[in-house]
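Analysis of the macromolecular model
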Amino acid sequence: MAQTTAGPETRKAGTSSSGAAGLIGLGAGIAMLVAGGLTVLTGARPATLLGLPDPGELTTVALPAVRALSEVSMVLTIGFLLLAAFFVPAQPDGYLDVSGYRAVRAASWTASAWFVCAVLLVPLNVADTLGRPVGQVLDPGLLFDLIPKISAAEAWSLTAVAALLVLVAARLVLSWGWAVVAFGLALFGPLPVALTGHSAAGGSHDIATDSLVLHVLGASLWVGGLAAVVVLASSRSNRDRAAALATAVPRFSTLALVCWALLAVTGVVNALVRVPLWAVFTTEYGALVVAKTLALVTLGVLGALHRRRTVAAAAEGRTRSLIALGGVEILLMLATIGLAVALGRSAPPDTGAPPPSILEAVIGYDLDGPPTLLRLLFDWRFSLIYGSFAILLAVGYLAGLRRLRRRGDAWPVGRTIAWLCGCLVVLMATSSGIGRYAPAMFSVHMAQHMMLSMLAPILLVLGAPVTLALRALPPSGKGRPDGPREWILAAVHSPAARWLTNPLITLPLFVGSYYALYFSSLFETSLNEHWAHLAMNGHFLLVGWLFFWPLIGVDPSPRRLPAVARLGVVFASVPFHAFFGVALMSQNAIIGGSFYRGLSLPWVPDLMRDQQLGGGLTWASGELPLLLVVIVLLVQWSRHDERSARRDDRRAEVDGDADLKAYNAMLNRLATGTPTPAAQEENFRKVAAVTVSDERPTAETRDHRPARATGTVPAGQDDASGDGER
């Protein structure tokens, strides 16, 4: 079946969609022109603002133009892989069909452009940062020495690596599962630059960075998805185009609405962090913000027209309106990308506000005082990523529960309580005063660590979200493309899930992460970076989920262990965890000492005492969740025995308790020495065989004895007569 994806029809992709390719090429040119032109018109010179020499016109214009082309290539790569992974159905054997394969091939070409642009942006950013012409920094030795010292150059180096991985994957992918993996790699590509740009420095950089990450991902899915759908609609040589559009267009329409709302919210948040409302209409930076806002509103109007006029028609194979309106929308989207690049090159206006304090410059905000109980509970700073994630998890769960209730199905109340409490723990750990103080104090950070790695995963796996989703989501139906329910089943039963839930993997990850992070330089290196805090929180939550899912999870697990083995894994983790807490309390060196001393918090005069407090919290709070796990395991074990007993009782009612009667008969035979019926029959056969072999036919009986007595029974002849005569 894989050969069908690479047949002659596929090789005609270039001639069938040349119009769409030309449109996208025009849009990329417009994005480069807008980015470079606005940079020149606004006179944006970040290097001169820092007192450095001007790097020259080439670097000044080429950097935004090449970045615009890089971002266009990036969103196109994400869009084509999104189409192959989730918008068009795969073949029954799991291989991509014609539309999916062509989308992956297109992604390989756009990933090539993305990789080349990312590589070019490394020396351009080095030249821009140093204020030197780009020709003077092209020496490989100099570049390798400077890249780790310049965050922008390092970010584009990571982006180039991600683009290269996506390029290789797109050239090799043939199956649906690997297309999903390639799509995940592509989504990582925008993150290094988004996490190290304007938003990653200065006051409120935590909110600015979180909003920018969500903004970039939403824009990539929306712009890239639309471009991929328009290319699919204009591909006349694809005979499966109508069937693919029937799935792709409605799915993209739903995704586009979500992405537009996400862009609107995160765009407003990011703009208000950088510039006050009064400066929006009085500064050049504000004018660019207004222009970008108007473009977003226009795109929203065009999207509404899409849903009213083109979605139903395109799903039926009538694509003229979709191509026409989508083409206009693509040009506007790509021009907006150029506008966003120019906005990123412009410095926010000087509003006369006092410079941020050391604490605000390092963690993004000030703290009002020591972390009292009231402040830890009510002094909130909402996390746009993890706070929104926790709320979405709770809302999605309640929506699934509502669907079950409407259908008349029951759902255990305990599971709902466990899930909502788990979501609340994630929300409190990242958005309450605990999340606010965690970046500045080691003891609060360890409390957050325990909540995310120990308590939240236990509650979440007890909520059985996979089981609820499988019961609430409707199956796609025979002959229809896979949907969310089938994707969840594929993920649960995938080789990756089976490998990640292996205790030989999860146990070292769960207990070894503590030692690898805190007893090395990794923790102190990551304290200055907001993205590192995001990564640590995600790591704690994910590893905790993977550890507790096969142990106490109600959901079907790809690797379900016996109850005794699960209990053994839990007990195996207890001493490692306890020793880690004790090691923290007895540590002589201060972990992250230079960072915490730089903050100079007046209510933390003794950093060693704060570290010991963190170790004590780790030791005490870590044992309680493990005790809860043991209790849950014992309860599950008891309930399993009760269910087995009920099954045995029902089977006994059906077969008249045949198992018990057979068992009693066996005991009676053992007591009396009576052989079993099977033994009696075997003995009879042995005696009969000896008797027959020892017989010698006489003259009177030779002519009447059957052939079996002489051992000459023809093949297939029934031997009942011989047995009867004996």
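Structure shown above.
Remember, it's a predicted structure, so these values are computed and weren't measured experimentally.

1. Topic: the pattern of salt bridges
Summed over all chains, the structure comprises five salt bridges. Close ionic contact of Glu71 with Arg67 constitutes a salt bridge, the shortest N to O distance being 3.0 Å. With Glu71 and Arg67 both in helix H5 (residues 57–87) and four residues apart, the pair spans about one turn of that helix. Note on Glu71: relative accessible area 17%, which makes it buried. Using a relative accessible area of 27% as the deciding quantity, one classes Arg67 as partly exposed.

2. Thoughts on empty space enclosed by the protein
Taken as a whole and judged by the stated rule, the model has four cavities of 30 Å³ or more. Forming the walls of the largest cavity are 26 residues, and the residues nearest its centre are Tyr365, Gly435, Pro439, His530 and His533. Those elements giving two or more residues to the lining of the largest cavity turn out to be helix H11 (205–233), helix H15 (358–363), helix H19 (433–437), helix H20 (442–462) and helix H26 (530–552). When residues in the lining of the largest cavity are grouped by element, the largest group, five residues, is from H26. Split into classes, the residues belonging to the lining of the largest cavity amount to 11 nonpolar, 10 polar and five charged.

3. Remarks on the packing of aromatic side chains
Aromatic rings in a pair are described by how distant their centres are and how their planes are angled relative to each other. A complete count under the given rule lists 19 aromatic pairs for this structure. Summarising the aromatic geometry, the rings of Tyr397 and Trp419 are spaced 5.1 Å apart at their centres and angled 15° between planes, so their arrangement reads as stacked. Of the two residues, Tyr397 sits in helix H17 (residues 386–407) while Trp419 sits in helix H18 (residues 413–431), which places them 22 residues apart along the sequence. Residue classification places Tyr397 among the buried residues on the basis of a relative accessible area of 4%. With centroids separated by 5.5 Å and ring planes inclined at 80°, the aromatic side chains of Phe510 and Phe548 adopt a geometry described as edge-to-face. Note that Phe510 is positioned in helix H24 (residues 503–518) and Phe548 in helix H26, a separation of 38 residues in sequence. For the pair formed by Phe510 and Phe548, the shared burial category is buried. The ring of Trp109 carries Arg171 above its face, with NZ or CZ at 5.7 Å from the centroid. Above the ring of Trp411, the side-chain terminus of Arg415 is found at 4.8 Å from the ring centroid.

What counts, and where the lines are drawn
Residues numbered from 1 in each chain as written. Predicted model: local features only at pLDDT ≥ 70, side-chain atom pairs only at ≥ 80, totals over all residues. Heavy atoms only, no water. Salt bridge = Lys/Arg side-chain N within 4 Å of Asp/Glu carboxyl O. Helix = DSSP H or I, 4+ residues; strand = E, 2+ residues; numbered from the N terminus. Buried < 20%, exposed > 50% of the residue type's maximum accessible area, 1.4 Å probe, protein only. 1 Å grid on protein atoms, 1.4 Å probe; cavity = no way out; pocket = protein on both sides within 12 Å on 5 of 7 lines; lining within 4 Å. Points joined across faces, edges and corners; volume = space filled by probe spheres on them. Nonpolar A, V, L, I, M, F, W, Y, C, P; charged D, E, K, R; others polar. Phe/Tyr/Trp six-rings, centres within 6.5 Å; stacked < 30°, edge-to-face > 60°. Lys NZ or Arg CZ within 6 Å of the ring centre and 35° of its normal.

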